[in-house]
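Spelled out from the first residue to the last, the chains are:
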Amino acid sequence: MDFCNRCDLVITPTEIISNHIRNMGVKANVKWLPTGIQLDEFTGLDRSWLRKTYGLAPDETILLFVGRAGKEKTFPLS
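Residues numbered from 1 in each chain as written. Predicted model: local features only at pLDDT ≥ 70, side-chain atom pairs only at ≥ 80, totals over all residues. Heavy atoms only, no water.

Caption draft 1: Broad picture of the pattern of salt bridges. Following the criterion strictly, the structure yields two salt bridges and no others. Close ionic contact of Arg 6 with Asp 2 constitutes a salt bridge, the shortest N to O distance being 3.5 Å. For Arg 6, a relative accessible area of 62% gives the class exposed. The exposure class of Asp 2 is exposed, given its relative accessible area of 55%. Across the salt bridge formed by Asp 46 and Lys 52, the nearest N and O atoms sit 3.1 Å from each other. (Salt bridge = Lys/Arg side-chain N within 4 Å of Asp/Glu carboxyl O. Buried < 20%, exposed > 50% of the residue type's maximum accessible area, 1.4 Å probe, protein only.)

Okay, structure coming up:
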């Protein structure tokens, strides 16, 4: 929390996290900035497009990762 208190502004993804870090002792200015998506933009879409596009059978399991693979996220294997 010491680092946060040395900042002019701390931005959090949710109001709950903003309240949580304030309760932990952050006295710096804390604002929350929602980074979610509008789900209504995805209603009525073809839910089977992935299976059709890649020829996947209905009983095949699909795992999907949505994120960013950045160099700083790697760790050395020992």
